Amino acid sequence: MKRIWWIPISILLLSGCVPSGNDEAEVINTEEEEAETAIIPSMQLDEQYYRTLLPYKQSATRGKIVSRLNSRYDIKEAEHGLLRLSQQQFSPDDYYFQEGQKITDEEASLWLQRESKDNPQGLNPADGRSQAETEDGERPQPELLAHILEQNYLVKTGEDKIRLGGVSIGLAMNTVYYSSTDSIPYEESIPQDQIAEEGKRMADEIVKRLREKEGMADVPILIALFAQNSRNAMTPGTYFSYGAAPKGETEVANWNDIDEEYIVFPTSGTDEQYRDIDTAFRNFKQDVELYFSNFTSVIGKGFYQSGQLQEMKIEIPIQFYGSAEVIGFTQYVTGLILDHFPDDIQIEVNVTSTNGAEALILRKAGESEPVVHIYE
């Protein structure tokens, strides 16, 4: 979820990158039993954000997600959604964020492959076709697991040191499998109950493997299942189930359903659930188009949790005429937000042109006045 904060850059530099009087230096015991000094930034921009230790440590599997998931929407939601779920298990008030350090790049590559004689660690279904079936062009079982995302959560001990306090694992599952036979591409839809059943099986196996690693015997592990969307979808997939393996346990103790979805507005559906907000959006869109006679499109993406709209992100592309017109248009759109949308949902409007971002309007849920920023 994007946030714009108007904080002097000098403050950010002091609090985020350079040890200052308010920063705390901690000693971290690494796996190699060497000591490292880290900086905990004293500034926390929002209570929902984790503070991150500096210097920043990248995950060994960093970059794999780009090639494994279908779209930038899925990439962003897989990461942000796991952060959102982790807040329920590891409070941002008590834990610090670090990219995953336990699963190596080599392990991730092996786990994401099909199970085979040469690779018994593969988590995807084995290709059980005979040679004759392969020659006849019979398709193999679809690969179900697309990516494994790891996040680490660190906690301060009584000795003013930092230790690993929790691990979150996101399993991105395919809802559509893309492959080819004899150079002819095909796609195969995968039922939801199949990815749920297999995802939970894979989760237990990953927990067992993590428990074998040094320092992981008594670390709580959160596992969440993510259903990525198809390649041509305009919205991301969502997490649909999560569970936890308490310290010392080698299996997920319980699973909880997650009711989240993204909806594009204006919607072509007839679901009663979206009718009121769809009407409000269509009226907003119509009023926006009155400003520009040659206007092209206004697209909104709503995020729902448990059937309730939490956030609406709106993209408005315009032709660039000049700073004064951008300012006037932004003021006009800000007024429309107040007129058309209830104040119990968060509204984020991005005005763009061929030159890039022109303006951002952000009204948080429960607030009557939006924050507006015009890029210069």
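Residues numbered from 1 in each chain as written. Predicted model: local features only at pLDDT ≥ 70, side-chain atom pairs only at ≥ 80, totals over all residues. Heavy atoms only, no water.

Turning our eyes to something else, we now look at the overall build of the protein. Helix and strand counts for the protein come out as eight helices and 17 strands. For the protein, the proportion of its 376 residues judged to be buried stands at 45%. In the protein, the share of contacts with a sequence separation of at least 24, taken over all contacts with a separation of at least 6, comes to 61%. Summed over its atoms, the accessible surface of the protein is roughly 19,400 Å², and 46% of this surface lies on carbon and sulfur atoms. (Helix = DSSP H or I, 4+ residues; strand = E, 2+ residues; numbered from the N terminus. Buried < 20%, exposed > 50% of the residue type's maximum accessible area, 1.4 Å probe, protein only. Contact = heavy atoms within 4.5 Å. Areas by Shrake-Rupley, 256 points an atom, 1.4 Å probe, with all protein chains shown as cover.)

Moving on, we come to the nonpolar core. Membership of the largest hydrophobic core comes to 37 residues, with the highest contact counts inside it found for Leu 145, Ile 148, Ile 169, Leu 171, Ile 221 and Ile 223. Grouped together as the second largest cluster of nonpolar side chains are 28 residues, Phe 265, Ile 318, Val 333 and Ile 337 included. (Core = buried A, V, L, I, M, F, W, Y, C linked by side-chain atoms within 4.5 Å.)

Across all of its chains, the model carries twelve salt bridges by this definition. In this structure, the salt-bridge partner of Lys 213 is Glu 107, at a minimum N-O distance of 2.8 Å. Taken together, the positions of Lys 213 in the loop between helix 6 (192-211) and strand 9 (221-228) and Glu 107 in helix 4 (residues 105-112) put the pair 106 residues apart, joining distant regions of the chain. For the residue pair Lys 213 and Glu 107, the accessibility class agrees, reading buried in each case. Where Arg 129 meets Asp 127, a salt bridge forms, and the shortest distance between an N and an O atom there is 2.8 Å. Residue classification places Arg 129 among the partly exposed residues on the basis of a relative accessible area of 22%. Look at Asp 127 and you get partly exposed, because its relative accessible area is 33%. (Salt bridge = Lys/Arg side-chain N within 4 Å of Asp/Glu carboxyl O.)

Let's shift gears to the packing of helix 7 (residues 275-291) against helix 8 (residues 323-340). At their nearest, the axes of helix 7 and helix 8 sit 10 Å apart, and the two run at 155° to each other. Taken as axis vectors, helix 7 and helix 8 run roughly antiparallel relative to one another. Relative to helix 8, helix 7 is oriented so that their crossing is right-handed. Listed contacts from helix 8 to Ala 280, Asn 283, Phe 284, Asp 287, Val 288, Leu 290 and Tyr 291 of helix 7 are Glu 325, Gly 328, Phe 329, Tyr 332, Val 333, Leu 336, Ile 337 and His 340. Considered class by class, the residues forming the contact of helix 7 with helix 8 number ten nonpolar, three polar and two charged. (Axes fitted to C-alpha atoms, helices over the stretch in contact; angles between N-to-C directions. Parallel < 35°, antiparallel > 145°, perpendicular 65-115°, else oblique. Left-handed = near helix turned anticlockwise from the far one by under 90°. Nonpolar A, V, L, I, M, F, W, Y, C, P; charged D, E, K, R; others polar.)

This next bit is on the packing of aromatic side chains. In this structure the tally under the stated criterion is twelve aromatic pairs. An angle of 50° between the planes, with centres 4.8 Å apart, marks the rings of Tyr 50 and Tyr 153 as tilted. Residue Tyr 50 is located in the loop between strand 2 (35-40) and strand 3 (51-52), and its partner Tyr 153 is located in strand 5 (residues 145-156); the two are separated by 103 residues in the primary sequence. Look at Tyr 153 and you get buried, because its relative accessible area is 0%. Between the aromatic rings of Phe 97 and Tyr 153, the centroid separation amounts to 5.8 Å while the plane-to-plane angle is 65°, which identifies the pairing as edge-to-face. One end of the pair, Phe 97, is in strand 4 (residues 95-99); the other, Tyr 153, is in strand 5, with 56 residues separating them in the sequence. Comparing Phe 97 with Tyr 153, the two get one shared label, buried. In this structure, Arg 139 packs its charged tip against the face of Tyr 186, placed 3.9 Å from the ring centre. Looking at Arg 231, its charged tip hangs above the ring of Tyr 178, at a distance of 3.9 Å from the centre. (Phe/Tyr/Trp six-rings, centres within 6.5 Å; stacked < 30°, edge-to-face > 60°. Lys NZ or Arg CZ within 6 Å of the ring centre and 35° of its normal.)

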